[in-house]
Amino acid sequence: MTSRLETGPSVEPETHIFDDDGRTPNSRHPVLLYRGLTNETGEAAAADFEACFAANRWPPQWRGGVFAYHHFHSNAHEALAIYAGEAELVLGGESGQPIRLAAGDVVILPAGTGHCRVEASEDFALTAAYPDGHGDWDLCRPGETSPERARERIAAVPIPPQDPITGADGALVRLWR
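Worth saying up front: this structure is predicted, and the values here are computed from it rather than measured.

## With respect to the pattern of salt bridges
So, step 1. Applying the stated criterion across every chain, the model contains twelve salt bridges.
So, step 2. Here Asp-138 makes a salt bridge to Arg-153, at a shortest N to O gap of 3.7 Å. Of this pair, Asp-138 sits in the loop between strand E9 (125–129) and helix H2 (147–156) while Arg-153 sits in helix H2, and the two are 15 residues apart along the sequence.
So, step 3. Overall, the relative accessible area of 32% leaves Arg-153 in the partly exposed class.
So, step 4. Where salt bridges share partners, they join Glu-86, Glu-88, Arg-100 and Glu-119 into one cluster.

## Things to note about the pairing of E9
Regular strands have side chains that alternate between both faces of the sheet.
So, step 1. The element E9 is largely enclosed, with a buried count of five among its five residues.
So, step 2. Going residue by residue along E9, you find Ala-125, Thr-127 and Ala-129 tucked away on one face and Leu-126 and Ala-128 tucked away on the opposite face as well.
So, step 3. In this structure, strand E3 (residues 60–64) lies alongside E9, joined through four bridges in antiparallel fashion. Bridged to Pro-60 within E9 is Ala-129.
So, step 4. With five bridges joining them, strand E4 (residues 78–84) and E9 adopt antiparallel strand pairing. Considered in E9, the bridge of Ala-81 is made with Thr-127.

## Quick word on the nonpolar core
So, step 1. Membership of the largest hydrophobic core comes to 24 residues, with the highest contact counts inside it found for Tyr-34, Leu-37, Phe-49, Phe-53, Val-106 and Ile-108.
So, step 2. With five residues, helix H1 (residues 42–55) is the largest single contributor of residues to this core.
So, step 3. One finds Val-66, Leu-80, Leu-91 and Val-107 within the second-largest nonpolar core, a separate group that totals 18 residues.

## Brief notes about the packing of aromatic side chains
So, step 1. Under the definition given, this model contains two aromatic pairs.
So, step 2. Note that Arg-63 overlies the ring of Tyr-83, its terminal NZ or CZ placed 5.5 Å from the centroid.
So, step 3. Residue placement shows Arg-141 over the ring face of Tyr-69; its charged tip is 3.8 Å from the ring centre.

## Some details on H2
Given 3.6 residues to a turn, an α-helix orients residues that are three or four positions apart in the same direction.
So, step 1. Residues Pro-147, Ala-150 and Ile-154 constitute the buried set of H2. One side of H2 holds all its buried residues, which, seen down the axis, span an arc of 60°. Along H2, the residues that are exposed and aim more than 90 degrees away from the buried face are Glu-148, Arg-149, Glu-152, Ala-155 and Ala-156.

## Remarks on the side chain of Glu-50
So, step 1. Within the secondary structure, Glu-50 sits in helix H1.
So, step 2. Filtering out sequence-adjacent residues up to four positions away, Glu-50 remains in contact with Pro-60, Arg-63 and Thr-127.

Criteria and cut-off values
- Residues numbered from 1 in each chain as written.
- Predicted model: local features only at pLDDT ≥ 70, side-chain atom pairs only at ≥ 80, totals over all residues.
- Heavy atoms only, no water.
- Salt bridge = Lys/Arg side-chain N within 4 Å of Asp/Glu carboxyl O.
- Helix = DSSP H or I, 4+ residues; strand = E, 2+ residues; numbered from the N terminus.
- Buried < 20%, exposed > 50% of the residue type's maximum accessible area, 1.4 Å probe, protein only.
- Pairing = 2+ DSSP bridges.
- Core = buried A, V, L, I, M, F, W, Y, C linked by side-chain atoms within 4.5 Å.
- Phe/Tyr/Trp six-rings, centres within 6.5 Å; stacked < 30°, edge-to-face > 60°.
- Lys NZ or Arg CZ within 6 Å of the ring centre and 35° of its normal.
- Arc of directions from axis to C-beta.
- Contact = heavy atoms within 4.5 Å.

Take it as geometry only, folks, not as evidence of what the structure does.
Listed below in structure tokens is the structure:
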């Protein structure tokens, strides 16, 4: 299948850094946000995103939305590709930054990055992927998870060899080293 995604070497993401707030560890690596990679929506866009993820060794794991409570994953990085609708997420924990996402956008969350859905259109949908070997991700919530233990697990998560959108020479590889 031929992908209709804009994924060439000139595609650069926005970057966002979030500090440890004592309850949500976040990451020393920036969140990467690719905007408007496709004008397609629905099943065609989901299939294109999943093919791109798989080709870059980030196997797609599930489709759905984002929990409406603050959480993070201490043992896996996560890529979320919006294929329908739009939503506002808060990234970085309870005092984090609101980020508006729409169909065609991809956000890559390094392990430890807090995220929470604040609002979403009725048709909001995404597909999620994790680097090879990171499919057994945990679900941590501020106030319920020991920040010290979470920081230890986050530090042990390896940097993936490929960006899920732009591959081995992509932004993730350059910016997370």
